[in-house]
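# Architecture at a glance
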There are 2 protein chains.
Amino acid sequence: MSERELRRNLAILPIGTVRELTLLTDRQIRYYEQHQLVNPARGNGGQRRFSLNDIDRLLEIKDFLDAGDSIKDIQEIFAKQHRKAVGKQDSDSALRRSLQKEFAQIGRFSR
Amino acid sequence: MSERELRRNLAILPIGTVRELTLLTDRQIRYYEQHQLVNPARGNGGQRRFSLNDIDRLLEIKDFLDAGDSIKDIQEIFAKQHRKAVGKQDSDSALRRSLQKEFAQIGRFSR
DNA sequence: ACCTCCATGTCATAAAACCTAACACATATT
DNA sequence: AATATGTGTTAGGTTTTATGACATGGAGGT
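Now for a description of the structure that goes with this document. (Residues numbered from 1 in each chain as written. Chains lettered and ligands numbered in written order. Predicted model: local features only at pLDDT ≥ 70, side-chain atom pairs only at ≥ 80, totals over all residues. Heavy atoms only, no water.)

### Comments concerning the overall build of chain A
Using the following cut-off: Numbering of helices and strands starts at the N terminus; helices are DSSP runs of H or I of at least 4 residues and strands are runs of E of at least 2. By the convention used here, residues are in contact when the closest approach between their heavy atoms is within 4.5 Å.
The secondary structure content of chain A amounts to six helices and two strands. Listed N to C, the secondary structure of chain A is α-α-α-β-β-α-α-α in terms of helices and strands. In chain A, the share of contacts with a sequence separation of at least 24, taken over all contacts with a separation of at least 6, comes to 60%.

### Quick notes on the protein's contact with DNA strand D
So the rule is basically this: Proximity is defined per residue: if any heavy atom of the residue lies within 4 Å of a molecule or strand, that residue is considered near it. In the analysis that follows, any N or O atom pair within 3.5 Å is treated as a polar contact, provided that within protein one partner can donate a hydrogen and the other can accept it, and provided that, for residues neighboring in sequence, both atoms belong to side chains. Residues are sorted three ways: Asp, Glu, Lys and Arg are charged, Ala, Val, Leu, Ile, Met, Phe, Trp, Tyr, Cys and Pro are nonpolar, and all the rest, Gly among them, are polar.
If you check the shell around DNA strand D, you find 18 residues, and the closest are G16 and R48 of chain A together with T25, R27 and I71 of chain B. Each atom of DNA strand D within 4 Å of the protein belongs either to a base or to sugar and phosphate, the latter forming 75%. R30 of chain A is positioned such that a nitrogen or oxygen atom in its side chain is 3.0 Å from a phosphate oxygen of DNA strand D. Elements that contribute at least two residues to the surface near DNA strand D include exactly α2 (15–22) of chain A together with α3 (26–34) and α5 (71–84) of chain B. It is α3 of chain B that contributes the most residues to the surface near DNA strand D, four residues altogether. Residues of the surface near DNA strand D, tallied by class, amount to five nonpolar, seven polar and six charged.

### Observations regarding the protein's contact with DNA strand C
Close contacts around DNA strand C come from 19 residues, with T25 and I71 of chain A together with R30, Q47 and R48 of chain B the closest. Near-protein atoms of DNA strand C (within 4 Å) split between backbone and bases, with sugar and phosphate holding 78%. In the model, a phosphate oxygen of DNA strand C is placed 3.3 Å from a nitrogen or oxygen of the G45 of chain A main chain. Taking R19 of chain B, its side chain carries an N or O atom lying 3.2 Å from a phosphate oxygen of DNA strand C. For the surface near DNA strand C, the secondary-structure elements that each account for two or more residues are α3 (26–34) of chain A together with α2 (15–22) of chain B. Taken together, the residues of the surface near DNA strand C sort by class into six nonpolar, eight polar and five charged.

### As for the pattern of salt bridges
Put simply, the rule reads: For this document, the term salt bridge refers to a Lys or Arg side-chain nitrogen within 4 Å of an Asp or Glu carboxyl oxygen. Working definition: with a 1.4 Å probe on protein chains only, accessible area under 20% of the residue-type maximum means buried, over 50% means exposed, and in between means partly exposed.
Applying the stated criterion across every chain, the model contains ten salt bridges over all chains. In this structure, the salt-bridge partner of D26 of chain A is R19 of chain A, at a minimum N-O distance of 2.9 Å. Taking relative accessible area as the criterion, R19 of chain A reaches 33% and is therefore assigned partly exposed. Residue E33 of chain B is joined to R48 of chain B by a salt bridge in which the shortest nitrogen-to-oxygen separation is 2.1 Å. One end of the pair, E33 of chain B, is in helix α3; the other, R48 of chain B, is in strand β2 (residues 48–49), and 15 residues separate them in sequence. The pair E33 of chain B / R48 of chain B is uniform in exposure class, with both members buried.

### Thoughts on helix α5 (residues 71–84) of chain A
Residues and elements named next belong to chain A. Basically, it comes down to this: To estimate the expected span of a helix, subtract one from its residue number and multiply by 1.5 Å. Summarising the geometry, the arc corresponds to the directions from the helix axis toward the C-beta atoms.
Look at α5: 21 Å from first C-alpha to last across 14 residues, which is about the 20 Å you get at 1.5 Å a residue. Taken together, the buried positions of α5 are occupied by I71, I74 and F78. Looking straight down α5, one finds its buried side chains confined to an arc of 60°; they lie on one side. Opposite the packed face of α5, turned more than 90 degrees from it, sit the exposed residues K72, E76, K80, R83 and K84. Contact partners of the buried residues in α5: α3 and α4 (52–66).

### With respect to the nonpolar core
Rules: Throughout, nonpolar core names a set of buried Ala, Val, Leu, Ile, Met, Phe, Trp, Tyr and Cys residues whose side chains join them through atoms within 4.5 Å.
Grouped together as the largest cluster of nonpolar side chains are 40 residues, with contacts concentrated most on L13 and L58 of chain A together with L13 and L58 of chain B. Looking at this core, the elements with two or more residues in it are α2, α3, α4 and α5 of chain A together with α2, α3, α4 (52–66) and α5 of chain B.

### Let's talk about the packing of α2 of chain B against α4 of chain B
Residues and elements named next belong to chain B. The condition that has to hold: Where helices are involved, their axes are fitted lines through C-alpha atoms of the stretch in contact, as for all axes, and angles between N-to-C directions lie from 0 to 180°. Our angle categories are set so that under 35 degrees counts as roughly parallel, over 145 as roughly antiparallel, 65 to 115 as roughly perpendicular, and the remainder as oblique. For a crossing to be left-handed, the near helix must be turned anticlockwise from the far one by less than a right angle; the clockwise case is right-handed.
In contact at an axis separation of 11 Å, α2 and α4 are set at 45° when each is read in the N-to-C sense. As summarised for this structure, α2 and α4 are arranged oblique, according to the angle between their axes. Note on packing geometry: the crossing formed by α2 with α4 is right-handed. In this structure, α2 contributes V18, L21 and T22 to the contact, and α4 contributes I55, L58, L59 and K62. Broken down by class, the residue content of the contact of α2 with α4 amounts to five nonpolar, one polar and one charged.

What follows is the structure, given as structure tokens:
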């Protein structure tokens, strides 16, 4: 997995930030999670941690809903998409550890 | 300013995340802020919001301290660096608005 | 017109995260 | 010995997030 993908999958954002970036309410975000359209990680205290990919996904959901699709429709759409791309299930903690190493040693966000 | 830079300057991370990513304590982070080595934005409730650039900076600070430099040394180092690059003082809210637009319309994190 | 479902709003309550300020301390500098 | 530095720790208060329950407006079916 590239450093870029790594970064995009790192769950670092609290719901408040996501709310601001997506212009969704937390009610909506939680509802979508409840219906398995997103799957944010959880911090130690049980709070949701979103990745940039999660945000993308939320924005997709928003678009689909605006376009008239139902939650169920979207579930199926995502299911189909996923049937193509499988095999990338690194645990978040593994990602975190990996990225920490990079940070602590050589890696920097800036190129 | 490129979309990339925009994203890197967006203040989105709470101190807890920064703590995990940098392996600094919040005490340290706040102390560095107090001595003006970093300048995280603040959310409505007054809580710090860090950008990816802020994280870079914190990691730099860490390196300098490990290398034996004092806070004051680092202040000067940064001051010199800054004397070269001036003129990019878009307000955070402007950045946020701008990015929101992109998100809401066409832009996506993913390519 | 009535009923039901769906997506969302709202409220209550509790826990987690964060804030500032103060005091403590070990190490280095003078 | 006295002072300065960077960090740990604790206390008390505020903000954010979590869950669960109840309410509601609109769409579609009967």
